[in-house]
Amino acid sequence: MVDTVDYQDLLTNVLQPIVVDNVVLPSMDQLYGIFTQNNSVREGQYITDPNALAETAAGGAFTRSDADPESMTVTWGTPKWRKVYYQEAAKVRVEDIKEANGNREVIGNILQDAAQRAAKQLMNTHVFSGVMTQIKADVDSAATYGGITRVTALQSYEENTDTAVTLAYVRAMFKALMLKKEIRWEDYITLFEPTVWSTFWPLVDALVTKTQMNPAPGDQNATGYQDVNVFDLCPVMPMYGMTTSDILCLDHSDVQIQNHSELDLTWKTPENLNEWGYKVIARIGVNCWVRHPAFQGKMTLKD
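A few points on the structure. Only a predicted model underlies this, so the values are computations on that prediction, with no experimental measurement involved.

1. Points about the pairing of strand β12 (residues 246–251)
- Along β12, six of the six residues are buried, which leaves the element largely enclosed by surrounding structure.
- Burial of β12 is two-sided: the residues D246, L248 and L250 facing one way and the residues I247, C249 and D251 facing the other way are all buried.
- In this sheet, β12 lies alongside strand β8 (residues 188–192) in antiparallel orientation, the contact comprising five bridges. By the bridge assignment, L191 is partnered in β12 with L248.

This is the structure we're talking about:
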């Protein structure tokens, strides 16, 4: 017979803070160290972030007798993103619980192991992949932006080719972004899907220098990332979770990361008490969106 004791209290009050400290916060700090932590959590199913889609100038040169200009005309759009939740489950063998013979310390160790396995998979696979997928979607000029039609002011620099990555392709992207606005390259990061990075790195190994990348706003580590590789003044690094063949050049202050729902651990007893396994389910809510996509770059190249 399966033990039907409810260990939810042990998970919530004892183990959940431990798993947050050991697994969730280190993973989130990796994201906050590169991108921007956004803590303005609002009620409802959606995250909204109004953007100025266009500005029409009304001023110009004047003489002393001229009237004051009218205010610039600003066209606004309000993109919205549905809040995203992720979940993962780890099995707890019935034999392990039975052999603990009610010893809460032993059972606590068993549950902590399961909770940390679920949380690591949750963060390292689902959350990281989801964040990178959303960044790509927001920068992709072929897609809508937060549910609104993508006008010119929301279109990024893009290059899609069946050619392997070259220094010239990357430099062309840097140049295109510099023509759009005044660039502070220490505020940018160029991320490479690992397969593309393996092709790119031999090309730049002798050219890169090391730098300290400016910390993103809200970075828990106030000094930012140390010893980041730099190519043509821009920090560059591989990033797991990206779509194969992609390169993203991002102003990290524009990439918003919001942990809108904290880690929640749930204990599940099998509905059929003849089943030989319990579950510890880990759930968390994390969203990502990109402001000012016109100032970002995306390339998809042959590996």
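2. Details of unusual backbone geometry
- You will see that D232, though not glycine, has its phi angle at about 50 degrees, which is positive.
- With respect to the helices, strands and loops of the structure, D232 is situated in the loop between β10 (228–231) and β11 (234–238).
- One non-glycine residue, L233, lies in positive phi territory at about 80 degrees.
- The residue L233 is located in the loop between β10 and β11 in this model.

3. What about the side chain of Q256?
- Examined against the element boundaries, Q256 turns out to sit in strand β13 (residues 255–268).
- Under the relative-accessibility criterion, Q256 is labelled buried at 3%.
- Within the structure, the side chain of Q256 is placed 2.9 Å from the backbone oxygen of S253, a separation counted as a polar contact.
- Setting aside chain neighbours within four positions, we find Q256 in contact with T36, N38, N287, C288, W289 and R291.

4. Re the state of the cysteines
- By the definition in use, this model includes zero disulfides.
- Not part of a disulfide, C234 finds its nearest cysteine sulfur in C249, a span of 4.5 Å.
- What makes C234 buried here is its relative accessible area of 0%.

5. Remarks on the nonpolar core
- Of all hydrophobic cores here, the largest spans 54 residues; its most connected members are L111 and I135.
- When near neighbours in sequence (up to four residues on either side) are disregarded, L111 contacts Y7, L10, L11, L15, I97 and W267.
- Membership of the second largest hydrophobic core comes to 24 residues, among which are M173, L177, F192 and V208.

6. Here we look at the sheet that holds strand β14 (residues 278–290)
- Across the sheet, four strands lie side by side as β1-β13-β14-β6; this open sheet has mixed pairing. Two strands in the sheet have a free side with no partner beyond their single neighbour: β1 (36–37) and β6 (85–92).
- By the bridge criterion, eight bridges tie β6 to β14 in an arrangement that is antiparallel. Within β14, the position partnered with Q87 by the bridge is R283.
- Contacting β1, β13 and β14, helix α1 (residues 8–34) runs over the sheet at an angle of about 155 degrees to β13.
- Here helix α3 (residues 104–139) sits on the sheet in contact with β6, β13 and β14, set at roughly 25 degrees to β14.

Definitions and cut-offs
- Residues numbered from 1 in each chain as written.
- Predicted model: local features only at pLDDT ≥ 70, side-chain atom pairs only at ≥ 80, totals over all residues.
- Heavy atoms only, no water.
- Buried < 20%, exposed > 50% of the residue type's maximum accessible area, 1.4 Å probe, protein only.
- Helix = DSSP H or I, 4+ residues; strand = E, 2+ residues; numbered from the N terminus.
- Pairing = 2+ DSSP bridges.
- Polar contact = N/O pair within 3.5 Å; in protein donor to acceptor, adjacent residues only side chain to side chain.
- Contact = heavy atoms within 4.5 Å.
- Disulfide = S-S within 2.5 Å.
- Core = buried A, V, L, I, M, F, W, Y, C linked by side-chain atoms within 4.5 Å.
- Axes fitted to C-alpha atoms, helices over the stretch in contact; angles between N-to-C directions.

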